[in-house]
Amino acid sequence: METWNQREQARLMEIRQVRNELSIDAYGLVLKGQQIVILQPLWGRAIEVAHLRHQRVEEMKKRLKTGSWFPGMDTEVESQVERCNTCVAESKEQDTALPNTEGNPSASWSRVSLNLCRLPNEQLAAILIDNYSKFPVIETLWSTSFQDIGTALEKDFPLIGIPNELDFDNKPPLHGHALRDYLTSLGVVYCQIAVTVGHQKG
Ligand SMILES: [Zn+2]
């Protein structure tokens, strides 16, 4: 196991290696080539967001490096994945990959369920559940209007990625055409079925 000092030294080495690629743009952002250099207080948040889909280590690294960089990024991703039970279980399953069957998603956040419910504190919420890992993402809502539900989805989709398929209840307020049109415009295949979520009221 690496000590804190070893980790810091490795970071310094990495910065040294890329020093010729570093610059500051007109807005004062530090860049490494085209990538934004993320400052230390935001490293944890960046890893958290990249980790939301519990993808393989290489995919997480690729996702992060698309537009950003910080020293020690690879090591941070690796240790995040090692600490996560879902990632560990998923990589074991992928190693003994079974053929995908309908309704049995092969990857995190490829098929999700949307439901509306009241949280125990009476707050209205939209819950997106990854059908693969059963991991929920919860957004509180002001109302059940499509506008509010759409706003919640627009907050979540950049984090979890646009799913291939989305299941939702064929009941008001989710039965309207606005949601179906919105999903179609994103290329999401929707399936209106009965979705059940815990802590649901009345
Ligand atoms: Zn994970």
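Residues numbered from 1 in each chain as written. Predicted model: local features only at pLDDT ≥ 70, side-chain atom pairs only at ≥ 80, totals over all residues.

*Asks:* I'm lost on the sheet that holds strand S5 (residues 111–118) in this one. Help?
*Replies:* Each strand in a sheet pairs with its neighbour through backbone hydrogen bonds, running either in the same direction (parallel) or in the opposite one (antiparallel). Taken in spatial order, the five strands of this open sheet run S7-S6-S5-S8-S9, and their pairing is mixed. Two strands in the sheet have a free side with no partner beyond their single neighbour: strand S7 (136–140) and strand S9 (189–192). Averaged over all adjacent pairs, the angle separating strand axes in this sheet is 25°, with direction ignored. As defined by bridge partners, strand S8 (residues 165–168) adjoins S9 across four bridges and the pair is classed as parallel. Note on S9: the bridge partner recorded for Asp 167 is Cys 191. Along the sheet face, helix H6 (residues 146–160) touches strand S6 (124–130) and S7 and points at about 145° away from the line of S7. (Pairing = 2+ DSSP bridges. Helix = DSSP H or I, 4+ residues; strand = E, 2+ residues; numbered from the N terminus. Axes fitted to C-alpha atoms, helices over the stretch in contact; angles between N-to-C directions. Contact = placed C-beta atoms within 7 Å.)

*Asks:* Please clarify how the packing of helix H3 (residues 57–65) against helix H4 (residues 73–83) should be interpreted in this entry.
*Replies:* Relative placement of two packed helices is described by the angle separating their axes and the distance separating the axes. Interhelical geometry of H3 versus H4 gives an angle of 135° and a closest axis separation of 10 Å. For the element pair H3 / H4, the angle class is oblique. Judged by the twist between their axes, the crossing of H3 over H4 is right-handed. Taken together, the residues of H4 that come into contact with H3 (itself represented by Val 57, Met 60, Lys 61 and Leu 64) are Met 73, Asp 74, Val 77, Glu 78 and Val 81. A breakdown of the residues in the contact of H3 with H4 according to their chemical character gives six nonpolar, no polar and three charged. (Parallel < 35°, antiparallel > 145°, perpendicular 65-115°, else oblique. Left-handed = near helix turned anticlockwise from the far one by under 90°. Nonpolar A, V, L, I, M, F, W, Y, C, P; charged D, E, K, R; others polar.)

*Asks:* Teacher, can you tell me more about the sheet that holds strand S2 (residues 30–32) here?
*Replies:* What the four strands build is an open sheet, ordered S1-S2-S3-S4; its pairing is mixed. The sheet terminates laterally at strand S1 (22–24) and strand S4 (68–69), the two strands that pair on one side only. Strand direction decides the pairing type here: S2 and strand S3 (residues 35–37), joined by two bridges, are antiparallel. When the sheet's bridge partners are listed, Leu 31 is paired in S3 with Ile 36.

By themselves, these are just geometric observations and shouldn't be taken as functional.
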